[in-house]
Amino acid sequence: KLYNEAIKHFDLTDFGNSKTLQLECVYISEDKDMFLKKQSELVQKNISNSLIGCLSSHASVRYAVPEKNPFCGKPLSFVFHKNLISDLSLKSELIGNIAKVAKDRLVDSRKQNLLKGGLQSAGNAFLLDNSHIKDLKVLIENQINEYRSHFSASSDNFIKRWPKNYELYGWFVTMEPGGSLDAHMHREGWLSGSLYIDIPESKNKEEGNIVFSLDGADYPTNENRFPEMVVDISTGDICMFPSSLFHYTVPFFSSEKRITFAFDIIPK
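Source: prediction; values computed, not measured.

Caption draft 1: Quick look at helix α6 (residues 131-150). Here α6 spans 29 Å end to end across 20 residues, near enough to the 28 Å set by a 1.5 Å rise per residue. Three or more residues of α6 are buried, namely Ile133, Leu136, Leu139, Ile140, Gln143, Ile144 and Tyr147. In a view along the axis of α6, the buried residues occupy a sector of 145°, so they form one face of it. The N-cap of α6, judged by a side-chain oxygen 2.8 Å from the amide nitrogen of His132 a few residues on, is Asn130.

Caption draft 2: Up close: the pattern of salt bridges. Enumeration over the complete set of coordinates arrives at ten salt bridges. Taking the shortest distance from any N to any O, the salt bridge between Lys38 and Asp11 comes out at 4.0 Å. Note that Lys38 is positioned in helix α3 (residues 32-44) and Asp11 in the loop between α1 (3-10) and α2 (18-28), a separation of 27 residues in sequence. For the salt bridge of Asp129 with Lys134, the shortest nitrogen-to-oxygen distance reads 3.2 Å.

Caption draft 3: The arrangement of the side chain of Ser56 in detail. Structurally, Ser56 can be placed in helix α4 (residues 50-62). Here the side chain of Ser56 touches Ile52 through a polar contact of 2.7 Å, landing on its backbone oxygen. Those residues in contact with Ser56 that lie beyond four places of it in its chain are Gln39, Glu67, Lys68, Asn69 and Pro70.

Caption draft 4: Quick peek at unusual backbone geometry. Its identity as a non-glycine residue notwithstanding, Asn46 has a phi of 60°, on the positive side. Counting through the fold element by element, Asn46 comes out in the loop between α3 and α4. The backbone of Ala217 sits at a positive phi, close to 60°, despite the residue not being glycine. Within the secondary structure, Ala217 sits in the loop between β6 (210-213) and β7 (228-231).

Caption draft 5: Here's a closer look at the packing of helix α5 (residues 92-105) against α6. Direction vectors running N to C along α5 and α6 enclose 120°, while the axes themselves pass 9 Å from each other. The orientation of α5 relative to α6 falls into the category oblique. The hand of the α5/α6 crossing is left-handed. Contacts between α5 and α6 involve Leu94, Asn97, Ile98 and Val101 from the former and His132, Ile133, Asp135 and Leu136 from the latter. Per-class residue counts for the contact of α5 with α6 are five nonpolar, two polar and one charged.

Caption draft 6: Representation of the pairing of strand β5 (residues 191-198). The element β5 is largely enclosed, with a buried count of seven among its eight residues. Where β5 and strand β10 (residues 258-267) come together, seven bridges link them in antiparallel fashion. Its bridge partner lying in β10, Gly193 is registered against Phe263.

Parameters at a glance
- Residues numbered from 1 in each chain as written.
- Predicted model: local features only at pLDDT ≥ 70, side-chain atom pairs only at ≥ 80, totals over all residues.
- Heavy atoms only, no water.
- Helix = DSSP H or I, 4+ residues; strand = E, 2+ residues; numbered from the N terminus.
- Expected span 1.5 Å × (residues − 1).
- Buried < 20%, exposed > 50% of the residue type's maximum accessible area, 1.4 Å probe, protein only.
- Arc of directions from axis to C-beta.
- Polar contact = N/O pair within 3.5 Å; in protein donor to acceptor, adjacent residues only side chain to side chain.
- Salt bridge = Lys/Arg side-chain N within 4 Å of Asp/Glu carboxyl O.
- Contact = heavy atoms within 4.5 Å.
- Axes fitted to C-alpha atoms, helices over the stretch in contact; angles between N-to-C directions.
- Parallel < 35°, antiparallel > 145°, perpendicular 65-115°, else oblique.
- Left-handed = near helix turned anticlockwise from the far one by under 90°.
- Nonpolar A, V, L, I, M, F, W, Y, C, P; charged D, E, K, R; others polar.
- Pairing = 2+ DSSP bridges.

And the structure:
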């Protein structure tokens, strides 16, 4: 958290997303004038990625300024949600088989500090030599194509500059009763999504739902209120959204586990 020192060192490199990471350090250090200056410079250079999109959306609320977003303006309007069982895209047999794969994969789990009362699988699940995962990949790729078609009229760089070359990266997340996932965004991603493999019923309707927000990561808020969107989810739902959006899971208290398959499009 030595943000001022980091800002100086980011000045010395132009590798990867270094200038966007510098912009985040400036934002957290609470130098409004420097942030707006460096943001403008990156916009002029046509830099577009999920992190600068996230920062731009947050700053527009925090500073009450017009949103200059080189990635995705008004990202909450780009949340896409549907049930794949009702439209016959997802068969119950595949759901059951994927749930079994999830159980096997979560034996080898990785630490996820934002995840409370749950496990996240390690590595890219799409690389598994498994027929059910291959079927799942085809299903998700078809839904991504539908997403692009749905928003094809948008002039946002998020759609216009869709990466020609990318990696599809996927992982399983399970939560025990009382589990939750804190607000975060996927700074390496372009499009993010979740396919809900098993969502237990609960007495409280909002338990286990996904919430999208323009605020997260402990960014300074200047005591402003940030817009949020709650999406009711159930087994067989898919939800896709710009990777710049913060999202979190409402804690649930069912007696059963909650199983989700999350994925990102990561530009190469």
